[in-house]
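Examining the three-dimensional arrangement
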Amino acid sequence: MVSKTDEMTATVPNNNTGVKDENCAAKKKDQKSQDRSAEMAVENAEDGKHNSCEADAKEEKDQEDDGSDQEVIVIQDTGFTVKVHAPGIDPFDLQVSPQEMVQEIHQVLMDREDTCQRTCFSLQLDGNVLDNFAELKAIEGLQEGSVLKVVEEPYTVREARIHVRHIRDLLKSLDPSDAYNGVDCSSLSFLSTFTDGDLGDIGQRKKRGLELDQIDCTPPEHILPGSKERPLVPLQPQSKDWKPLQCLKVLTMSSWNPPPGNRKMHGDLMYLYIVTMEDKHASITASTRGFYLNQSTTYNFSPKPANPSFLSHSLVELLNQISPAFKKNFAALQRKRVQRHPFERIATPFQVYNWTAPQVDHVMDCVRAEDAYTSRLGYEEHIPGQTRDWNEELQTTRELSRKNLPERLLRERAIFKVHSDFAAAATRGAMAVIDGNVMAINPGEETKMQMFIWNNIFFSLGFDVRDHYKDFGGDHAAFVAPTNDLNGVRAYNAVDVEGLYTLGTVVVDYRGYRVTAQSIIPGILEREQEQSVIYGSIDFGKTVVSHPKYLELLEKTSKPLKVLKHKVLNDKSEEVELCSSVECKGIIGNDGRHYILDLLRTFPPDLNFLPVEGEEMPEECTKMGFPKEHRHRLCCLRQELVDAFVEHRYLLFMKLAALQLIQQKANKLDNPDVMENGLSATTDVAESENLGRSEPEDGKIEENISGLEQAKELAETIASNEGTVDPKSKEVIQNACKAVGSISSTSFDIRFNPDIFSPGVHFPEACSLDSQKQLLKDAAAFLVSCQIPSLIKDCLDHTVLPMDGATLADAMHQRGINMRYMGRVVEFVTKTPGRSQLDHIYKIGVTELITRSAKHIFRTYLQGIELSGLSAAISHFLNCFLSSFPNPVAHLPADELVSRKKKNKRKNKNLGTADNTSWSNLTPQDLWKNIVSETKSYYDYPLECDHVDQAVENYGLQKVTILREFSVKTGIQLLLKEYNLEGRHKPAFTEEDILNIFPVVKHVNPKASDAFHFFQSGQAKVQQGFLKEGCELISEALNLFNNVYGAMHVEICACLRLLARLNYIMGDYSEALSNQQKAVLMSERVLGIEHPNTIQEYVHLALYCFAYGQLSTALKLLYRARYLMLLIIGEDHPEMALLDCNIGLVLHGVMECGLSLRFLESALAINSKYHGAKSLKVALSHHLIARVYESKAEFRSALQHEKECYTIYRNQLGEQHEKTKESSEYLKHLTQQAVALQRTMNEIYKNGSNANIAPLKFPAPNMASVLENMNVINGILFIPLSQKDLENLKAEVQRRQQLHEAVNCSEQLTIEEKLTETEQIQITETIASSDTAAAKTTS
């Protein structure tokens, strides 16, 4: 079901039923069955949700009580069928749901091939017109089999414009130019190029796929292992019929608009001008009754109907009459449009930009021109006659009720919709501001100090105006403050306290400038800031005020955000109580709402980058060279780090308490008279860390676990003040609290004071700050001593497998490591034992250091350039950065046009500086010198290179990878062609190669919390082995995600991937194929066509295609994945081994043994490097190669590889292991084959052509065995078990999980080490953990 708020703003109904809503209909068609009603699924799965969220259990119960009636009603609703009668076509049946609105049937009709040309109609039931915004269940008499009539209505100017817009959208529906230009939330997808359309029509193609001789297996040369070529053009493959069918040469508004008064009285609404494919020029009148040809020409106005006169209610019908080419091509175009997968057409929630695009012809487009230069620049059309009040919409959606599940879904849907609309509007506005198209509200001031208002959004630039950040690092601090503020907004939004409001915030980097876009607090522009602020400080702590209501609201956020309530002194030395940093300002708007803004110091400062006189840092930090002076003083710890640190301290707290309780018990037994406590508050923390580090005996495990449980129970009892607790036990908790730095002495509660070490903030003398300072130092030490090593360990174990800069940054951020530590991470990699196994991380890290440093330089470089020189300047920068050409010369933009007038001497008001040609003096030597010094000063990493070729050689990098990373980070779009980056005779880039520069946008991502709980519960069930229950929960999560996000979202992608995996494991291949196809399309559309997630989705889809018998499609998909991976990281990556194994297996399956060996041997080399020559993965690689050699009858090579495999299995698993025995059997089989072959050869040598020999058989491997191997390498193992075995296994899993959790808490030993490998496989490998991890990451 498409939610009611889908096409509505929070406050105003969307009356614009015709504009841009093809998307809605496409979505509806595809998801009619699965999204019938998100709420239906909810009741069955509430249990699963409670399992994963015990904390919410009580609240959920109350909420369910309130909403039970409503939810019961919802669950009883089922879909039904109505008959639709439309003019000119046969009646047809339509499946509808009672929750839908009439408007949604409108959308379906506007998307259907046979009714798509109608926009201005009403739906009538028994002669009564249905209200567009009525739910179907509310309409009297509407039931199964009812007849709905489509009745054409008279046009108004608005309806006529909507009609023309809709027809234009239909004509452009296959045109990718919107996706290339990054507009209207269009984005690219190329899956259908490799699958030849939809994978759903499978019957005939499956048969065709099994005829092996039809499959062309040869990959392009650049995809083969060892190839050094990295072409760009295949990134966007063009299908055979990619040129969209042209139906009209021109469709545009006539210059005779608007109609004069006398023609208005005849019903003329507007005039159109067209040129048909037959070169016929015609003028069309849109009137209240429809469209007809008039007699006007370019220079003569003659509005009378032309001869023969033909009036048509639809523009398409009229054009069909006057142009045979239009009639033929439009019909073909619509057929193609409806054949495309809906996910290729639906708009994405946020715009995705592509860094490459082909040369696309610029065509006439009346709608595009109108959108760019009319009032729509400042007004959103679907609220007639007024701008959207963004602040009101953002806050009203937050105020929506959330008592029960349907209400929460509606609220989250509204919040998400308004946020995505706001992000789009803010991005457009920010670009308009930088391009100089918006008037400043303070035009008299210097350009850097100017502020702007556009479309009810406030824009400011990231410069230090009025020395506001003088003590914090000037412009550097002003640049970083908006992103810190955005992180604060994100955190407070996630806590979601009723009555506390934040501003809509979007940060846009565009053309070297940082623009902050914010919604406007009602009334703030009418008064001075000093009068408005009733909480916090406007001058970084000199004057500070507080307010009881704000303290009350912020106190509710202090526990989840770990913010300590504290007192500071104002300029009169009076104590003021705060529950946030001093910069956080509280303003009550004219609407009576309590707003907080300037949340840039929500999280505590990072002392590693904040040297403070007289403060000693912990040894872990000083060993790594901290504290370091950074270029600004606004370095904060990430929220993830704060959470991880508190969790770490909680474990410590529990262990300290347990240790003391165990000692008390021991003391009582040894000496009943001893009354003193076993441990003091100063207990060495290391002692508690050692609790269980040594291998305890089984009895001890139980004792320690019971000690932990006892400690937990005790802590909870004391915290809840229930019952009496003996003083000794109380003292145990007090000691533990003191040792870990808890602010409470009776329960664990760690909070940070964000104002510590803030310049200008003074604290009352009575306050002891030592413990708070110590906590900050401990957190800084925790980052360098725990989080960075744990990241590297995870990379070494391959539990984290970043493929590019973005995925490495995500991995760091999830552990709370800021990007400024990138130099430290790379350094840590170089010092790690087994350094070669981290080669991929090293390369990604160095690439990231180079591209980020270059981005910093590029930002300043761009600021000095006027618009006319932009493409020349960017191409010159890229030549200096990446081209091997030694001395590129910049082409100044004066070449095209030379002004004959003398230059005007007036003051330059543009954002660029006066000297607009200084950029042309840049040389490769200067640029690389700057990059090296930037890397040293910002990341503290010494790069050893003074040119791009040296960097590539020293660090084993790829130029094309650096080009991609840099373009994505800076928003550059390049022409899709082959660039000769190695050429020493001419520069690689010209100004014609720079197609566009896009904004890089950061914004809040509202979450679908209920759906996410279902998803997590489903994951948990799957990991426990309850596949069916897990599958049901994840299907329900998918329904809820669709309800909140619409059809397209990165979390829905994760959901579909896991669902496909489960379908596949449970044997439902066609369903697996369908879900995985959606996951691939969505990943391409939402994340990008070459995003690492997209590559993995392609591999999964290839596996399911192979299982379904579509061999040639599977190969094409794997080749595509390999090409993309070569482009973004190159061949030297652990994931490439998995990819090459898959390709090798499929090629072996179709008996392309020579090719298969090339890929399998490449996989063997990569596995040996990254997993060690004696690992089980290497053994499997040897075995796969042996099988191919067997098929080629090269038994000597086969035996050699299988012996290697056998040796590894014997050493790693022992003689008795099933795998070792299998390998031994296979060795015997190979030996027999070799002997048989030798006999035959001897017979031939002996008797020549008279030899009497039986023909030797070298059978092709059967598909089942190939598929079995593919499953194994992709982490899926099927184990035949009886029902009794299954029950026993589940019971065992549950028993072990409980024990595992308890042991985990004490970090004593991991159960996995005690399990044999087979048991582990049986329990865990049903679903590859990588899949779950990926799903978690995305969410």
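See above for the structure.
Quick caveat: nothing in here was measured; it's all calculated off a predicted structure.

Calculation rules
- Residues numbered from 1 in each chain as written.
- Predicted model: local features only at pLDDT ≥ 70, side-chain atom pairs only at ≥ 80, totals over all residues.
- Heavy atoms only, no water.
- Helix = DSSP H or I, 4+ residues; strand = E, 2+ residues; numbered from the N terminus.
- Buried < 20%, exposed > 50% of the residue type's maximum accessible area, 1.4 Å probe, protein only.
- Contact = heavy atoms within 4.5 Å.
- Areas by Shrake-Rupley, 256 points an atom, 1.4 Å probe, with all protein chains shown as cover.
- Salt bridge = Lys/Arg side-chain N within 4 Å of Asp/Glu carboxyl O.
- Phe/Tyr/Trp six-rings, centres within 6.5 Å; stacked < 30°, edge-to-face > 60°.
- Pairing = 2+ DSSP bridges.
- Axes fitted to C-alpha atoms, helices over the stretch in contact; angles between N-to-C directions.
- Parallel < 35°, antiparallel > 145°, perpendicular 65-115°, else oblique.
- Nonpolar A, V, L, I, M, F, W, Y, C, P; charged D, E, K, R; others polar.

As for the overall build of the chain
Each helix and strand counted, the chain has 46 helices and 23 strands in total. Out of the 1339 residues belonging to the chain, those deemed buried represent 56%. Pairs at least 24 apart in sequence give 72% of the contacts found in the chain among residues at least 6 apart. When the accessible surface of the chain is split by element, carbon and sulfur atoms take 50% of a total near 58100 Å².

With respect to the pattern of salt bridges
Inspection of the entire model under this criterion finds 67 salt bridges. A salt bridge links Arg631 to Glu934, with the nearest nitrogen and oxygen atoms 2.8 Å apart. One end of the pair, Arg631, is in the loop between helix H18 (619–623) and helix H19 (639–670); the other, Glu934, is in helix H28 (residues 924–939), and 303 residues separate them in sequence. The class for Arg631 is partly exposed, based on a relative accessible area of 28%. One network of salt bridges, with partners in common, ties together Asp804, Glu848, Arg852, Arg964, Glu965, Lys969 and Glu1090.

Here we look at the packing of aromatic side chains
Applying the stated criterion across every chain, the model contains 36 aromatic pairs. Taken together, a centroid distance of 5.3 Å and an interplanar angle of 40° make the contact between Trp256 and Phe301 tilted. Separated by 45 residues along the polypeptide, Trp256 in the loop between strand S6 (248–253) and helix H9 (261–264) and Phe301 in the loop between strand S9 (290–294) and helix H10 (315–322) bring together distant segments of the chain. A residue is classified by how much of its surface remains accessible, and Trp256, at 28% relative accessible area, is partly exposed. On the accessibility criterion, Phe301 (31% relative accessible area) is partly exposed. Ring centres of Phe858 and Tyr861 lie 6.1 Å apart, and the angle between their planes is 25°; this geometry places the pair in the stacked category.

A word on the sheet that holds strand S4 (residues 128–129)
What the five strands build is an open sheet, ordered S2-S1-S5-S3-S4; its pairing is mixed. The outermost strands of the open sheet, each flanked by one partner alone, are strand S2 (92–96) and S4. Sitting on the sheet, helix H4 (residues 102–111) touches strand S1 (80–85), S2, strand S3 (121–125) and strand S5 (147–152), and the angle it makes with S3 is about 120°.

Observations regarding the environment of Ala1173
In this structure, Ala1173 sits in the loop between helix H38 (1153–1171) and helix H39 (1176–1191). The exposure class of Ala1173 is partly exposed, given its relative accessible area of 48%. Sequence-wise, Ala1173 and Glu1204 are 31 residues apart; in three dimensions their C-alpha atoms are separated by 9.9 Å.

Some details on the sheet that holds strand S22 (residues 994–997)
Strands sit in the order S10-S21-S22 across an open sheet of three strands; the sheet is mixed. Because the sheet does not close on itself, it has two edges, and the strands there are strand S10 (356–357) and S22. By the bridge criterion, two bridges tie S10 to strand S21 (residues 972–975) in an arrangement that is parallel. Looking at S21, one finds that Ala357 is bridged to Leu975. Across the sheet, helix H27 (residues 870–882) is in contact with S21 and S22; its angle to S22 comes to roughly 105°. Lying over the sheet, helix H30 (residues 959–970) contacts S21 and S22, oriented at roughly 130° with respect to S21.

Observations regarding the packing of helix H37 (residues 1134–1149) against helix H42 (residues 1263–1273)
Between two packed helices, the angle of one axis relative to the other and the distance separating the axes together describe the packing. Between H37 and H42, the shortest axis-to-axis distance is 10 Å and the interhelical angle comes to 175°. With respect to each other, H37 and H42 are oriented roughly antiparallel. On H42, the residues that touch Leu1138, Cys1141, Asn1142, Leu1145, Val1146 and Gly1149 of H37 are Met1263, Val1266, Asn1269, Met1270 and Ile1273. Classifying every residue of the contact of H37 with H42 by side-chain character gives eight nonpolar, three polar and no charged.

Here's the deal with the pairing of S1
Bridge count between S1 and S2: five bridges; the pairing is antiparallel. Within S2, the position partnered with Thr81 by the bridge is Gln95. Taking the residues that link successive antiparallel strands as the turn, the S1-S2 hairpin has six residues, and the phi of Gly88 there is positive, at about 85°. When S1 meets S5, the two strands line up parallel, connected through three bridges. Paired with Val84 across the strands is Leu148, a residue of S5.

Worth remembering: the numbers are spatial, not functional.
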